[in-house]
Amino acid sequence: MLKLTPSKKRLILFIIFGWILLILSNQVGDLKLYQGSFIATYALAITSIILLTGYSGQLSLGQSALMAVGAYAGALAIFNLGLHPVIGLFVAALVAGVFGLLLGLIVARLSGPYLAGTTLALAVSLPTLANQFPILGAEEGVPFDVGSAPARFGEDFSQYKWQFWIASLAALIMVWFIANLLTSRYGRTYKALRDNPVAAELSGINVGQVKVGAFAISSGVAGLSGALLAVLISGVSPSAFPLSLSFALLGGAVVTGVYSLKGVILGGLVLVAIPEIADSLVLRIGGSEGFTTSLPGFLVSALLILAVVFAPNGPGSLIKREHHKK
Amino acid sequence: MIRNKSMRRATLVSAIVATGAMLLSTLPAQAATPGVTAKEIKLGISSPLTGSAGLSYGKVPGAMKAYFNYINANGGVYGRKITLVSRDDKYLPVRAATETTNLILKDNVFALVGALGTATHAKAYKAAALAAKNVPDLFVNTGFSGFTNQVKYPTTFMVLPTYAMEAKVIAKAIKDNFPGQPSLLIAQDDEFGTDGVAGFTAAGHKFSAPNVLYPQGYFSTPGRDAAVITSLKGLLALAPGSKPVIVLFGTTDVTAALLKAATDAGVEKSFTWYAGSVGADANTLLALGVKSTTIDGVVSASFMPDAKDLTDPYVKQFVDINTKYNKGITFDNYVLAAMNSAMLTVQALRAAGKDLTRKGVMTAIETKGAKFASAGLVPLGYSATSRIGYNGYWVSQLNAKGEGKPFGGKLVIYTTDSGAGAVEVSTFVRPTMPKNGIPTNS
Amino acid sequence: MIQQFALLIWGIEMSEFITAVLISLSSGAIYALMSIALVLVWRSTRVINFAQAGQAVLTTYIGYDIVQKTGSYWIALAGAVISGAIIGAVIDRFFMRPIFKRVNSGPIVMIAPVAATLGLLGIIQALIGFKWGLTNQSIEAPVSTNGIKVLGSVIAFSKFNLLVLVFVSIAVLLLTLLFQRTNIGLALRASAYSPEIARLSGIKVDTVRTLGWAIAGASGGLAGMLYIPGAFLYPNAMDLLLVFGFIAAVIGGLESLFGAVAGAMVLAFAINFATTYISPKLFFPTAFIVLVLVLLVRPAGLFAAKMSRRA
């Protein structure tokens with residue numbers, strides 16, 4: 001009989017979810033497809049944080065910079081080298097991964113606030129490089145064109161549905177891959193590292209190597225999500241990857257549980273929902289432009305603090321506590 | 001799996017929530033023409049309301065709304081009231097892309113008006129699929145000549161003269177008024193600036209030193225403006241006794257930064273400053289801290305009457321509307337330009353007829369747009385093959401009060417094209433303003 | 001003509017060198033203030049206070065309001081410093097302390113301080129947006145920002161730059177006196193070095209720690225009022241300064257006041273000379289490279305006496 005191992009179960013779950021998304025995409029309007037693409041992209045970015053911070057215990061504020069690296073790499077590959085968009089996505093992940101590898105080599109020895117501060121410096125300085133090199137197009141940026149849907153899907157095939165398909169498919173594949181990684185031996189190694197580095201070292205784990213590896217993979221994932229983001233805004237420019245993006249992603253990750261992949265979709269949803277909620281709040285209670293623009297940031301920050309204080313292990317732990325109380 | 005029940009529950013919950021959210025929001029079929037009902041026409045604008053560019057352009061949506069409210073109070077357009085949805089893009093291309101998409105997808109606007117910025121709008125046009133959705137993109141607030149390309153931007157109508165046109169007129173002004181002086185160009189390093197560079201090249205103008213091209217946001221780092229002024233002093237040393245013409249082809253905050261740095265270094269009177277129209281609004285410059293003694297004498301160009309010229313019937317009418325419908329906002333060149341675009345918009349909507357469609361309004365501008373009434377002192381160039389709005393400039397000079405008067409005391413209007421055509425003096429006389437500023441065209 | 005133009009620029013060497021040195025001192029002074037603030041909090045709480053950027057810009061907005069009302073920069077300066085101290089103390093007492101009490105086990109301990117201070121930064125900046133809006137504001141310097149005339153030519157160093165140097169020197173001097181010569185200073189140092197032993201000797205460690213935050217807040221307040229007159233005021237105006245303050249602190253070793261100041265100077269000189277002599281494009285890359293070099297070669301900081309104390 002077909003033995004349903006956990007990994008096979010996971011694969012089937014992902015495939016089913018993929019089909020559901022496919023069917024849904026034909027039912028909903030452009031707006032939801034547009035938002036859905038952002039959810040997928042953010043969920044993927046949060047996945048990279050789960051791997052890096054939740055599992056291997058390295059708190060990095062530089063995800064936005066890595067997303068930028070991936071986005072620019074992919075955009076340049078398509079625009080300047082004329083490569084196929086799908087290859088562009090691969091290039092994005094690959095280049096970001098290599099960059100992450102190099103970065104990891106530098107910062108692997110750092111812990112806690114040193115790591116946070118260094119990655120903060122990176123997140124602030126990297127986007128400005130775009131203004132230094134003309135090939136990166138400064139604020140105008142480089143277009144990231146995944147083209148329109150193939151002709152056989154018909155003329156009415158919306159640009160947004162096409163982008164949704166690409167974003168969801170890429171995200172699904174990557175998250176599935178990472179899920180497998182995290183439940184494997186590597187995942188256990190990461191957790192051992194995070195919880196007790198000394199013990200891990202003593203039991204023969206090469207702490208440095210594992211950390212760098214986690215950094216590299218996480219960066220590749222971030223790079224891919226950056227490329228997907230560039231698709232949605234039809235091009236990459238430095239202002240697409242500000243420091244506040246790193247904050248928001250970290251916030252989304254912590255709020256929905258930074259120690260487990262379960263909440264990434266919810267995390268993406270939260271990040272997309274917050275500006276919407278802010279919009280409707282403003283409609284209801286009115287406010288100046290300063291209020292309107294600052295409100296989403298306020299909500300994300302407040303959520304982050306509340307999550308750290310009240311549900312540091314994610315909403316799942318809240319549910320668990322409820323159970324235990326009974 | 002070793003996962004406990006609650007963890008699995010969390011997974012399920014997330015998945016259900018996400019898909020449920022999508023399922024529950026299946027949209028009903030779209031209305032025939034988005035943004036148009038029997039009672040209302042919804043227009044949208046994405047522009048900087050905050051940030052450094054917000055200082056200059058923040059007034060634009062409010063001014064347009066004021067004019068539209070005036071028209072609404074006087075019958076609207078065939079009984080329909082005009083609503084303007086305004087979104088803040090902070091002059092960032094990324095935000096322009098997302099906010100414009102929101103205007104189309106969420107706010108369901110009929111058309112866009114006054115979209116602002118070259119890089120911002122180029123990105124937004126693509127990201128929001130304006131071509132595919134055939135959304136009219138009226139009277140964009142940018143002079144980048146690329147927007148007249150009907151293949152790339154099939155639904156876009158310009159209003160400002162192109163930067164290339166302005167550069168050609170500047171070149172002629174320098175040649176006519178400052179013969180023999182060295183000159184230097186400081187421009188924003190993107191399509192806005194390079195459009196200008198192309199114009200100078202087309203006019204055959206040679207600068208005395210390489211163009212200083214800076215990326216947007218360059219001068220927000222302290223010290224850089226002083227560095228540029230230092231190199232300008234080098235230009236002085238090269239040609240003693242001269243008064244070089246420095247062309248500032250950037251936004252107002254950069255013009256202000258450079259003028260302030262020059263004043264700090266004590267060299268502001270050693271140069272003739274030519275401020276391109278985008279960065280020359282005197283009120284904003286003064287608000288940003290440029291001394292009035294420095295502004296006195298700055299040369300610029302415009303295609304509109306000066307906002308302080310109350311003898312002009314259009315200006316007077318707009319000032320009236322501003323006082324009644326835009327309380328608390330000082331009338332200036334930005335308000336003037338915004339209301340002017342709003343007036344053009346109303347004429348376009350009227351010309352499209354009572355059965356308002358997106359295609360209809362675009363055809364209306366193509367066939368009738370050149371004859372629309374407006375405050376502009378230069379002709380409008382709309383036709384079946386041309387999406388150019390105004391196609392010329394007159395040379396102005398600012399005084400210490402920040403008023404722009406015709407250079408040399410006499411108003412001379414130049415018209416030209418964005419290419420190799422000559423710069424010609426024009427005898428254009430603009431159409432009379434409709435009574436009370438309320439268009440009655442059809 | 002173009003070649004002559006380039007040669008002439010090269011010829012202005014000497015005054016450029018002096019200018020670069022002076023500007024480095026002046027910007028280094030401001031980095032030093034942020035660096036001191038970060039080091040103070042780090043020593044007493046083992047937390048890098050990312051919210052410092054928010055606190056500093058908030059106090060500068062308060063200073064801006066005072067300038068609007070009274071027209072005096074000096075009153076505003078005093079106001080900013082005092083409010084900085086108060087805000088710093090309040091944050092420690094009512095925000096950081098409860099969080100640390102609550103979050104004390106599990107892997108979240110590593111993330112909590114960073115997330116908390118980052119979240120606080122976001123909230124402060126959002127609140128500023130609510131109250132003052134997001135348009136750029138400016139504060140006028142109390143003295144001229146024109147270059148001073150030295151030996152006939154104008155150098156790009158102004159009276160205001162000089163003022164910055166003077167003020168920061170005074171501040172550093174006062175702080176050094178405080179730490180080295182007073183009982184409070186002794187208590188501050190003892191609590192930072194070994195809280196348990198300090199408590200045993202009767203020092204109210206918690207109160208002392210709050211005092212450390214207050215001083216850090218005051219330092220940030222001063223930094224803001226000295227920095228903003230040369231730039232624009234908006235909620236994110238001091239983010240960059242935070243990063244540079246952090247880098248300076250790391251260079252200096254995060255352990256001593258002297259290190260904080262020295263690190264700031266090293267950073268400022270590196271950046272200014274790189275941008276003056278090599279290319280203005282190297283502004284950020286230089287900072288990052290210096291940080292990376294220090295972390296690779298001497299992670300405890302260039303000026304740390306002992307290599308022992310790490311995270």
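Residues numbered from 1 in each chain as written. Chains lettered and ligands numbered in written order. Predicted model: local features only at pLDDT ≥ 70, side-chain atom pairs only at ≥ 80, totals over all residues. Heavy atoms only, no water.

Let's shift gears to the overall build of chain A. Tallying secondary structure elements over chain A gives 13 helices and 0 strands in all. Reading the secondary structure of chain A in the N-to-C direction produces α-α-α-α-α-α-α-α-α-α-α-α-α. Looking at chain A as a whole, 61% of its 326 residues qualify as buried. Summed over its atoms, the accessible surface of chain A is roughly 13100 Å², and 69% of this surface lies on carbon and sulfur atoms. (Helix = DSSP H or I, 4+ residues; strand = E, 2+ residues; numbered from the N terminus. Buried < 20%, exposed > 50% of the residue type's maximum accessible area, 1.4 Å probe, protein only. Areas by Shrake-Rupley, 256 points an atom, 1.4 Å probe, with all protein chains shown as cover.)

Our next topic: the overall build of chain B. The helix and strand tally for chain B stands at 15 helices and 14 strands. Its C-alpha radius of gyration of 24 Å places chain B within 12% of the 22 Å reference for a compact globule of 442 residues. Each of the three principal axes of chain B carries a C-alpha extent, and together these read 80 × 70 × 40 Å. Counting only residues that meet the buried cut, chain B has 61% of its 442 residues in that class. In chain B, of all internal contacts separated by at least 6 residues, the share reaching a separation of at least 24 is 74%. If you sum the accessible surface of chain B, you get close to 16100 Å²; carbon and sulfur atoms cover 57% of it. (Rg over C-alpha atoms; globule rule 2.2 N^0.38 Å. Contact = heavy atoms within 4.5 Å.)

Okay, the sheet that holds strand β2 (residues 81–88) of chain B next. Residue and element names in this part refer to chain B. Overall, parallel pairing links the 5 strands, which are arranged β2-β1-β3-β4-β5 in an open sheet. Each end of this open sheet is capped by a strand with a single partner; those strands are β2 and β5 (156–158). The average angle at which neighbouring strand axes cross in this sheet is 25°, direction not considered. Strand direction decides the pairing type here: strand β1 (residues 40–47) and β2, joined by 8 bridges, are parallel. Among the inter-strand pairings, Lys 42 is bridged to a residue of β2, identified as Thr 83. Along the sheet, helix α3 (residues 60–73) makes contact with β1, β2 and β3 (111–113), crossing β2 at roughly 170°. (Pairing = 2+ DSSP bridges. Axes fitted to C-alpha atoms, helices over the stretch in contact; angles between N-to-C directions.)

Attention shifts here to the nonpolar core. Of all hydrophobic cores here, the largest spans 326 residues; its most connected members are B:Tyr67 and C:Phe244. Top element by residues in this core is helix α2 (residues 30–55) of chain A. It accounts for 16 residues. Sequence-distant contacts of C:Phe244, defined by excluding residues within four places in its chain, comprise C:Tyr31, C:Leu267, C:Ile271, C:Phe283, C:Phe284 and C:Ala287. (Core = buried A, V, L, I, M, F, W, Y, C linked by side-chain atoms within 4.5 Å.)

All names here are of chain B. Per the stated rule, a full pass over the model turns up 17 salt bridges over all chains. The residue Glu 99 makes a salt bridge to Arg 87 at a minimum N-O spacing of 2.8 Å. Residue Glu 99 is located in helix α4 (residues 93–105), and its partner Arg 87 is located in strand β2; the two are separated by 12 residues in the primary sequence. With a closest N to O distance of 3.7 Å, Glu 99 and Arg 95 form a salt bridge. Taken together, the residues span about one helical turn, with Glu 99 and Arg 95 both in helix α4 at a distance of 4 residues. Residue class for Glu 99 comes out buried when judged on its relative accessible area of 12%. (Salt bridge = Lys/Arg side-chain N within 4 Å of Asp/Glu carboxyl O.)

This part covers the side chain of C:Gln137. Assignment of secondary structure puts C:Gln137 in the loop between α5 (108–132) and β1 (147–150). Ignoring any residue separated from it by four or fewer positions in sequence, one finds C:Gln137 in contact with C:Tyr64, C:Trp132, C:Phe232 and C:Leu233.

Along an α-helix, residues three or four apart share an orientation, since each turn contains 3.6 residues. Between its terminal C-alpha atoms helix α9 (residues 224–238) of chain B stretches 22 Å, which fits the 21 Å expected from 15 residues at 1.5 Å a residue. When α9(B) is considered as a whole, its buried residues turn out to be B:Arg224, B:Asp225, B:Val228, B:Ile229, B:Leu232, B:Gly234, B:Leu235 and B:Leu236. (Expected span 1.5 Å × (residues − 1).)

Turning our attention to empty space enclosed by the protein. Residue and element names in this part refer to chain B. Applying the stated criterion to the full structure yields 9 cavities of 30 Å³ or more. Each pocket or cavity is described by its volume, and for the largest cavity that value is around 660 Å³. Around the largest cavity, the lining comprises 36 residues; the ones closest to its centre are Ser 277, Val 278, Phe 303, Asn 333 and Tyr 334. Of all the elements in the fold, those that place two or more residues in the lining of the largest cavity are β10 (299–302), α14 (333–351) and β11 (392–398). Among the elements that line the lining of the largest cavity, the one with the most residues is α14, at 5 residues. For the lining of the largest cavity, the class distribution of residues is 22 nonpolar, 12 polar and 2 charged. (1 Å grid on protein atoms, 1.4 Å probe; cavity = no way out; pocket = protein on both sides within 12 Å on 5 of 7 lines; lining within 4 Å. Points joined across faces, edges and corners; volume = space filled by probe spheres on them. Nonpolar A, V, L, I, M, F, W, Y, C, P; charged D, E, K, R; others polar.)

All right, on to the environment of C:Leu127 then. Residues and elements named next belong to chain C. Within the fold, Leu 127 resides in helix α5. For Leu 127, a relative accessible area of 42% corresponds to the partly exposed category. Sequence separation between Leu 127 and Leu 186 is 59 residues; the distance between their C-alpha atoms is 37 Å.

So, about the side chain of B:Thr416. Residues and elements named next belong to chain B. Here Thr 416 shows up in the loop between β13 (413–415) and β14 (424–425). Looking at Thr 416, its side chain comes within polar contact range of the main-chain oxygen of Ala 422, at 3.2 Å. Those residues in contact with Thr 416 that lie beyond four places of it in its chain are Met 165, Lys 168, Val 169, Asn 391, Gly 421, Ala 422 and Val 423. (Polar contact = N/O pair within 3.5 Å; in protein donor to acceptor, adjacent residues only side chain to side chain.)

On to the domain arrangement of chain B, then. Residue and element names in this part refer to chain B. Per the domain assignment, the segments of chain B are domain 1 (40–161 + 307–390) and domain 2 (163–302). Just the C-alpha atoms count here: the centres of domain 1 and domain 2 sit 29 Å apart. On the domain 2 side, the residues contacting the 18 residues of domain 1 number 16 residues. Here domain 1 packs against domain 2, burying approximately 1500 Å² in sum over the two surfaces, 50% of which is carbon and sulfur. Of all residues in domain 1, Tyr 91, Phe 144 and Tyr 334 give up the largest surface area on contact with domain 2, accounting jointly for 27% of the area buried on that side. Counting every contact that joins domain 1 to domain 2 gives 0 salt bridges. Applying the counting rule to domain 1 against domain 2 returns 5 residue pairs in polar contact (both at pLDDT 80 or more). (Domains from an automatic or database assignment. Buried area = accessible area lost by both parts, 1.4 Å probe.)

Now for the pairing of β1(B). Residues and elements named next belong to chain B. Counting buried positions along β1 gives 6 out of 8 residues, so the element sits mostly inside the fold. Summarising the sheet, β1 and β3 pair through 2 bridges and their orientation is parallel. Pairing of Gly 44 across the sheet is with Leu 112, part of β3.

All right, on to the environment of A:Leu306 then. Mapped onto the elements of the fold, A:Leu306 is located in helix α12 (residues 289–310). Along the chain, A:Leu306 and A:Gly104 lie 202 residues apart, while their C-alpha atoms are 30 Å from each other.

Across all of its chains, the model carries 33 aromatic pairs over all chains by this definition. Consider the rings of B:Tyr67 and B:Tyr70, whose centres lie 6.4 Å apart with planes at 55°: the pair is tilted. Taken as a pair, B:Tyr67 and B:Tyr70 lie in helix α3 at a separation of 3 residues, close to a single helical turn. A residue is classified by how much of its surface remains accessible, and B:Tyr67, at 0% relative accessible area, is buried. An aromatic cluster is built from A:Tyr34, A:Phe38, A:Tyr42 and A:Tyr160, whose rings are joined through pairwise contacts. The positively charged end of A:Arg185 is found above the aromatic ring belonging to A:Tyr186, 5.1 Å away from the centroid. Seen from the ring of C:Phe94, C:Arg93 lies directly overhead, with NZ or CZ sitting 5.3 Å from the centre. (Phe/Tyr/Trp six-rings, centres within 6.5 Å; stacked < 30°, edge-to-face > 60°. Lys NZ or Arg CZ within 6 Å of the ring centre and 35° of its normal.)

To continue, consider the interface of chain C and chain A. Contacts between the two partners involve 45 residues from chain C and, on the opposite side, 43 residues from chain A. Both sides of the chain C and chain A interface together cover about 4100 Å² of buried area, and 79% of this is carbon and sulfur. If you sort the residues of chain C by the area they bury against chain A, C:Ile111, C:Phe130 and C:Phe288 come out on top, with a joint share of 14%. Where chain C packs against chain A, one counts 0 salt bridges. Viewed at the interface, chain A and chain C are joined by 1 residue pair in polar contact (both at pLDDT 80 or more). For the side of chain C that touches chain A, the element with the highest residue contribution is α5(C), accounting for 17 residues.

Residues and elements named next belong to chain B. Non-glycine residue Asn 134 carries a positive phi angle of around 55°. By the secondary structure assignment, Asn 134 is in the loop between α6 (130–133) and β4 (137–140). Overall, Asn 134 belongs to the partly exposed group, its relative accessible area being 33%. At Phe 139, a position not held by glycine, the phi torsion is positive, near 50°.

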